[in-house]
Amino acid sequence: KKSLLVALTATLSFSQPALAKNPLFEHVFTADPAALVHDDTVYLYTGHDEAPNNDVFFEMHDWLVFSSKDMKNWTEHGPIMKATDFKWAKGEAWASHMVEKDGKFYFYTTVRHDDTKPGFAVGVAVSDSPTGPFKDAIGEALITNDMTSQTDNDWDDIDPAIYIEENGDAYIFFGNLVPKYAKLKDNMIELDGPIKVIDIPDFTEALWVHKKGKYYYLSYACEFPEKICYAMSESIHGPWEYQGILNEIAGNSETNHQSIIEFKGKSYFIYHTGAIPARKGEPSGGRFRRSVAIDRLYYNEDGTLKRVIMTTE
Ligand code: FUB
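Each residue is numbered by its place in its chain's sequence as written, counting from 1. With the structure being a predicted model, the display of local features is reserved for residues of pLDDT at least 70 and the display and counting of side-chain atom pairs for 80 or more, all residues being used for whole-chain, interface and lining totals.

As annotated in an unreviewed UniProt entry, the chain carries the name Glycoside hydrolase and is attributed to Lacimicrobium alkaliphilum. UniProt positions are given in the numbering used here, feature names are shortened, and annotations may be inferred rather than shown by experiment. According to the UniProt record, the Sequence similarities (unreviewed entry) comment for the chain is "Belongs to the glycosyl hydrolase 43 family."

Spelled out as structure tokens, the structure:
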């Protein structure tokens, strides 16, 4: 009887619809959103902030997924994976990106490598379903930190974002302080050519590529505390023309991390804030206790983006 009750409680807590307001979820701290539109459904992948306060640093062990068919009611599916499911990783489940190719779901994500390699690395996991189960697709990191160039730092290989062209060519964008990209092979788990550096100003991290009409948009966290800036190009290879700030600093979160999608004819800007107030003796949201929020994204007639207006509803 006891195990039935435990199973029932687990099912209930993972299938409860949450209402659409900002921040989206209050029962759990979520960060680094990466949304995927698949089969008339939005799958929202997030990091999971578990730091007990905003004093020391991030504490992130696993990634969560929520889904919605209307951007209002969200179903929580529970964690899809933890950082240490990559046997070569030490932990630290930082920012990720999910894409679908030929019926398989590829989860590119940031983790700290074990002591055999310095700093952070990018791993890839794969599944037949957007909600998992996911398993390491390579058995080692896709991108590791070689610390060979002067611009390398401990975490310059973080925050993967994938863009797949209409002809199936896929690219991985990533980086901290130095924005980089590389082509992926058709198998999605090997680089196809050299890693190239992108020329954009004030880059901090969190690259994201989307396309609308003839323009590619490269958005990213800029400066620190982070705003979101963006650049435009008519080619995935650039040159990228800087367009300025897309979103201001999000409340009391020093970092920001955006995901941009179009769903049922509307564009959305998904990001994180530190907006959850202190409650029941618990510290408030903040730089290490972040929460995902969603607002609308609007285009000007010339293709440039209107600055995002952050709302609480
Ligand atoms: O969540 C950990 C790190 O903070 C992410 O990888 C960055 O994008 C920033 O949000």
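Undergrad: Describe the confidence of the model for the chain, naming the residues involved and giving the relevant values.
TA: One confidence number per residue, pLDDT, is output by the predictor and ranges from 0 to 100. Scored by pLDDT, the chain comes out at a mean of 92, with 92% of its residues at no less than 70. For this predicted complex, the interface confidence score (ipTM) comes to 0.99, while the overall pTM stands at 0.93.

Undergrad: Any chance you could break down the site of the ligand for me, citing the residues and the numbers?
TA: Using the backbone to place each C-beta atom, any residue with that atom within 6 Å of a molecule or strand is considered near it. Every one of the 13 residues lining the ligand counts as a neighbour, but W94, A95, A206, T255 and H257 are closest to it. The helix count covers DSSP runs of H or I at least four residues long, the strand count covers runs of E at least two residues long, and both are numbered beginning at the N terminus. Elements with a minimum of two residues in the shell around the ligand: strand 1 (29–38) and strand 14 (203–212). All residues other than Ala, Val, Leu, Ile, Met, Phe, Trp, Tyr, Cys, Pro, Asp, Glu, Lys and Arg, Gly among them, are scored as polar; the first ten of these are nonpolar and the last four charged. When its residues are assigned to classes, the shell around the ligand shows 6 nonpolar, 4 polar and 3 charged.

Undergrad: Run through the nonpolar core, naming residues and quoting values.
TA: For the purposes of this analysis, a nonpolar core is taken to be any set of buried Ala, Val, Leu, Ile, Met, Phe, Trp, Tyr and Cys residues that are connected through C-beta atoms within 7 Å. With C-beta atoms placed from the backbone, a residue is labelled by how many other C-beta atoms lie within 10 Å of its own: buried for 20 or more, exposed for 12 or fewer, partly exposed between the two. By size, the foremost hydrophobic cluster in this structure holds 83 residues, and its most contacted members are F107, L207, V209 and L218. Of the residues forming this core, the biggest block, 6 residues, is contributed by strand 15 (residues 215–222). If we ignore the near neighbours within four places in the chain, the residues touching L218 are I200, L207, V209, Y230, A231 and W240. Residues are scored as being in contact if the C-beta atoms we place from backbone atoms lie within 7 Å.

Undergrad: Tell me about the UniProt feature "active site" (unreviewed entry) in the chain, and please be specific about residues and values.
TA: UniProt feature "active site" (unreviewed entry): in the numbering of this structure it lies at D32 and E205. In sequence the annotated residues extend across 174 residues, while in space they remain close, none of their C-alpha pairs exceeding 11.1 Å. In this structure, D32 sits in strand 1. With 32 C-beta atoms packed within 10 Å, D32 lands in the buried category. Each residue touching D32, except ones within four places of it in the same chain, is listed here: T46, G47, W94, A95, S96, H257 and H272. Ignoring any residue separated from it by four or fewer positions in sequence, one finds E205 in contact with I158, D159, G175, N176 and A221.

Undergrad: Please set out the sheet that holds strand 14 residue by residue, giving values where relevant.
TA: Being paired, for any two strands, means DSSP has found at least two bridges between them. The 4 strands are arranged 14-15-16-17 in an open sheet whose pairing can be described as antiparallel. The open sheet has two edge strands, strand 14 and strand 17 (241–247), and neither has a second partner. Across the sheet, the mean angle separating the axes of adjacent strands is 25° when strand polarity is ignored. Strand direction decides the pairing type here: strand 14 and strand 15, joined by 7 bridges, are antiparallel. Bridge pairing in strand 15 links W208 to S219. Axis lines are fitted to C-alpha atoms, over the contacting stretch for helices. Their N-to-C directions set the angle, which ranges from 0 to 180 degrees.

Undergrad: Account for the environment of I270, with residues named and values stated.
TA: Topologically, I270 is positioned in strand 19 (residues 266–273). Take I270: there are 23 C-beta atoms within 10 Å of it, and that puts it in the buried class. When the C-alpha positions of I270 and P33 are compared, they lie 6.6 Å apart, and in sequence the two are 237 residues distant. Setting aside anything within four residues of it in sequence, one finds I270 in contact with P33, A35, Q258, S259, V292 and I294.

Undergrad: So what's going on with unusual backbone geometry? Residues and values would help.
TA: Note that the residue after F224, namely P225, is joined by a cis bond; omega there is -5°. With an omega of 0°, the peptide bond running from G238 to P239 counts as cis. Within the fold, P239 resides in the loop between strand 16 (227–233) and strand 17. The backbone phi angle of E223 is positive, close to 55°, even though this residue is not glycine. Looking at the secondary structure, you find E223 in the loop between strand 15 and strand 16.

Undergrad: I'd love a proper account of the environment of L246, names of residues and values included.
TA: Summarising the element assignment, L246 is placed in strand 17. Taking the C-beta count within 10 Å as the criterion, L246 has 23 such neighbours and is therefore assigned buried. Considering only alpha carbons, one finds L246 and A231, 15 residues apart in sequence, at a separation of 9.7 Å.

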